[in-house]
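Tertiary structure, described
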Amino acid sequence: MIYIKRLTTGLLAGMLMVMTGCKDYLNVNNNPNQVTAATPQLVLPDALATTGWYLTGNTPSGAAGSFYFLNLWMGYWNWSGNYSIATSDKNYQFTQGFNNSIWTSAYLNLKNYNYVDNQAATLGQPLLQGMAKIMKALHFQLLVDTYGDVPYTSALQGTANILPTYDKAQDIYEDLFKQIDAGMALLAKGDGTLNPGPNDIMFQGDINKWLKFGNTLKLRMLLRQSEKADRATFIQTQLASIKASGYGFLGAGENASVNPGYTNSQNMQNPLYGAFYAINGNPTTLNNQYKGNLYGITFYKNSNDPRLAAYYRPVVGTTTNFNGTLFGTTDVLVNSQVSDVGAGILKSVSQNSPILQSHESLFMQAEAAQRGWITGDPKTLYQSAIAESFVNVGRTAAEATTYYSQAGVNNVNWDASTNKIEAIITQKWASENGTAPFEAWSDYRRLGLPTGVPISQDPSTSVKQIPIRLLYPTSEYSNNAANVGAQGTINQFTTKIFWEK
């Protein structure tokens, strides 16, 4: 089980330049007597870079990335007609072996952050410890949102507990707020403490941005619970804490993204870009497999959205023809007839890896303001979020203004939109193409928005529903059978995460 193993000295040391696509990231040491001597400031960039790989990159073996399948489910991408896809991947009837790397890689990297947390505490380095606590909360939030109950209080304990029990998802969420608060309190100590500077490959030692990031992560977790009436008191208590902190949220130009120094060398490219283009510039197998989804392409066309040309490339041999097919269709077109993933997603070999993008933060603030949770004008925040999403994919704020100013266009123009929450979530979905499909999936599970996301077209799709969770991995049933078995029978269509309606 991944969460009980210690990391090797070779993995931990000398990580100023990390290579997030490399198998060396996942090496583990089963010798409990081997001493690790890496300092927390050398481990931190490795952990941060691995988080970037986890959210957007391909697996170390070169297989499809952890969350690429969500781009299929959420109407962004589809498979090319040049490749076959397993029926179980097209009709949602997957098994416990489906995308196990989401579980195993998360617990591996949690060991990285846990090492930083513990060692920084021992060495009296509160800034590093605070960063590690917040990043541990991020990874556990992703695990809970994917699987529900997971090992938490008894995980990350090494040989002290090789069969960790599962904690209730809601209990984990509530404790994560405490962990984020503890991390922010450590960060607030600031003066006179070791600042990792460039070894902090996310914010370069900017503590104010870390504090905003902590609040933004909490806002994300509160919005997850928006549809549960019994969570109202907890939500209001946490909102009061956020307001009292005075730190605010991530704003325009404040992307939480990582870059350890990506370059055009083997295993040193940006993990998303490197999944689609080899170092010689040629398309990879994944580039030939993943193509535009007709649903997404049609949405951007119908709303006169210039981000269409950022998210997709024109069909080969044309300059304006964008085309795709729907997920699961039996009439999948070959590569020469469909659009590739666009240059707004695959910018360059050295592009940053997004963790939580500025436009996502602004969309969340717009939703929170519309719900009356925070101060601020929802319309202004909504329009700022759209503008920021344009900028983040290489378009301009002026283009964004023209776009959201289209008179009478529902779910684009704020004043013309009859349901403001629907407008916010629809535009948030439109901004997450290719880079944040997990957030799109989470909003869809929470609110059923956007309303038109199509179910798989495959004839064998007997359950006409996008799954609401993943199954626990095979390794848990093999190595931790009693504890995972205590969770009962898990079904991807009916076993809800605690915050789902």
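Only a predicted model underlies this, so the values are computations on that prediction, with no experimental measurement involved.

1. Quick look at the pattern of salt bridges
Scanning the model with the defined rule gives 21 salt bridges in all. The salt bridge partner of E439 is R220, with a shortest N-O separation of 3.4 Å. Taken as a pair, E439 in helix 18 (residues 437-447) and R220 in helix 8 (residues 207-224) lie far apart in primary sequence, 219 residues in all. Here E439 matches R220 in class, with each residue buried. R224 is the salt-bridge partner of E439, the closest N and O atoms lying 3.0 Å from each other. Of this pair, E439 sits in helix 18 while R224 sits in helix 8, and the two are 215 residues apart along the sequence. We classify R224 as buried; its relative accessible area is 2%.

2. Side note on the packing of aromatic side chains
The full count for this structure, using the stated rule, is 42 aromatic pairs. Centroid distance W73 to Y92: 5.7 Å. Interplanar angle 85°. Geometry classified as edge-to-face. Residue W73 is found in helix 3 (residues 68-73), and its partner Y92 is found in the loop between helix 4 (87-90) and helix 5 (101-123); the two are separated by 19 residues along the sequence. Y92 gets classed as buried once you look at its relative accessible area, which sits at 0%. Geometrically, the ring pair formed by F177 and F234 is edge-to-face, given 5.2 Å between the ring centres and 80° between the ring planes. One end of the pair, F177, is in helix 7 (residues 169-187); the other, F234, is in helix 9 (residues 232-245), with 57 residues separating them in the sequence. Taken together, the ring pairs in this structure connect W53, Y54, F67, F69, W73, Y92, F94, F98, F327, F438 and W441 into an aromatic cluster. The ring of W373 is capped by R371, whose NZ or CZ atom sits 6.0 Å from the centre of that ring.

3. Description of helix 14 (residues 358-370)
Helix length check: helix 14, at 13 residues, gives a terminal C-alpha distance of 18 Å against a target of 18 Å (1.5 Å per residue), a fit within 8%. Most of helix 14 sits inside the fold, with twelve of its 13 residues counted as buried. Among all positions of helix 14, only S358, H359, E360, S361, L362, F363, M364, Q365, A366, E367, A368 and A369 are buried. In this structure, the buried side of helix 14 is in contact with helix 8, strand 8 (353-356), helix 15 (378-392), helix 17 (420-431) and helix 18. G372 sits one or two positions beyond helix 14 and adopts a positive phi of about 80°.

4. Some points on unusual backbone geometry
Note the cis peptide between L449 and P450, where omega equals -5°. Tracing the chain through its elements places P450 in the loop between helix 18 and helix 19 (474-479). The backbone of Y92 sits at a positive phi, close to 70°, despite the residue not being glycine. Of note in this structure, N99 is not a glycine but carries a positive phi near 50°. By the element assignment, N99 lies in the loop between helix 4 and helix 5. Classification of N99 by relative accessible area gives buried; the value is 19%.

5. Quick notes on the nonpolar core
One finds L48, W73, Y107, M202, W210, F213 and F276 to be the most contacted residues of the largest nonpolar core, which totals 145 residues. The leading source of residues in this core is helix 6 (residues 126-147), at 13 residues. With residues near it in sequence (within four places) discarded, M202 still touches L48, M135, W210, F213, A256, S257, V258 and I355.

6. Concerning the environment of I102
Inspection of the secondary structure assignment puts I102 in helix 5. On the basis of relative accessible area, I102 is assigned to the buried category, the value being 0%. Each C-alpha atom, one on I102 and one on A430, is 24 Å from the other, the two residues being 328 residues apart in sequence. Aside from chain neighbours lying at most four places away, what touches I102 is Y54, S66, F67, F69, L143, T146, Y147 and L470.

7. Digging into the packing of helix 14 against helix 15
Between helix 14 and helix 15, the least distance of the axes is 8 Å, while the angle of their chain directions is 165°. Judged by the angle between their axes, helix 14 and helix 15 are roughly antiparallel. Seen from above, helix 14 lies across helix 15 with left-handed handedness. When helix 14 is examined against helix 15, the residues S358, H359, L362, F363, Q365, A366, A369 and Q370 are found in contact with a partner set consisting of P378, L381, Y382, S384, A385, I386, E388, S389 and N392. Each residue belonging to the contact of helix 14 with helix 15 can be placed in one class, and the counts come to nine nonpolar, seven polar and one charged.

8. Some points on the environment of H139
Note on placement: H139 falls in helix 6. For the pair H139 and T51, spaced 88 residues apart in sequence, the C-alpha separation works out to 8.3 Å. Discounting residues that sit within four places of it in the chain, H139 has contacts with T51, Y54, A106, N109, L110 and Y113.

9. Description of the side chain of K133
Along the chain, K133 falls in helix 6. Those residues in contact with K133, other than ones at most four positions away along the chain, are D117, Q179, A182, G183 and L186.

10. A closer look at the environment of N433
Structurally, N433 can be placed in the loop between helix 17 and helix 18. Along the primary structure N433 and A240 are separated by 193 residues, whereas in three dimensions their C-alpha atoms are 33 Å apart. Among the polar contacts made by the side chain of N433, one reaches the side chain of Y300 at a distance of 3.4 Å. Of note is the side chain of N433, whose polar atom sits 3.0 Å from the side chain of Y312.

11. A few points about the packing of helix 15 against helix 17
When two helices pack together, their arrangement is given by the angle between the helix axes and the distance between those axes. Running from amino to carboxyl end, helix 15 crosses helix 17 at an angle of 10°, the nearest separation of the two axes being 10 Å. Considering the angle they form, helix 15 stands roughly parallel to helix 17. Counted together, Y382, I386 and S389 of helix 15 and A423, I424, Q427 and S431 of helix 17 form the full contact between these two elements.

12. Side note on the side chain of E422
Looking at the element boundaries, E422 is found in helix 17. No salt bridge forms around the buried E422; measuring N to O, its nearest opposite-charge neighbour K420 is 11 Å away. Among all residues touching E422, those that are not within four sequence positions of it are N411, L449 and T451.

Criteria and cut-off values
- Residues numbered from 1 in each chain as written.
- Predicted model: local features only at pLDDT ≥ 70, side-chain atom pairs only at ≥ 80, totals over all residues.
- Heavy atoms only, no water.
- Salt bridge = Lys/Arg side-chain N within 4 Å of Asp/Glu carboxyl O.
- Helix = DSSP H or I, 4+ residues; strand = E, 2+ residues; numbered from the N terminus.
- Buried < 20%, exposed > 50% of the residue type's maximum accessible area, 1.4 Å probe, protein only.
- Phe/Tyr/Trp six-rings, centres within 6.5 Å; stacked < 30°, edge-to-face > 60°.
- Lys NZ or Arg CZ within 6 Å of the ring centre and 35° of its normal.
- Expected span 1.5 Å × (residues − 1).
- Contact = heavy atoms within 4.5 Å.
- Core = buried A, V, L, I, M, F, W, Y, C linked by side-chain atoms within 4.5 Å.
- Axes fitted to C-alpha atoms, helices over the stretch in contact; angles between N-to-C directions.
- Parallel < 35°, antiparallel > 145°, perpendicular 65-115°, else oblique.
- Left-handed = near helix turned anticlockwise from the far one by under 90°.
- Nonpolar A, V, L, I, M, F, W, Y, C, P; charged D, E, K, R; others polar.
- Polar contact = N/O pair within 3.5 Å; in protein donor to acceptor, adjacent residues only side chain to side chain.
- Lys, Arg positive; Asp, Glu negative; His and termini not counted.

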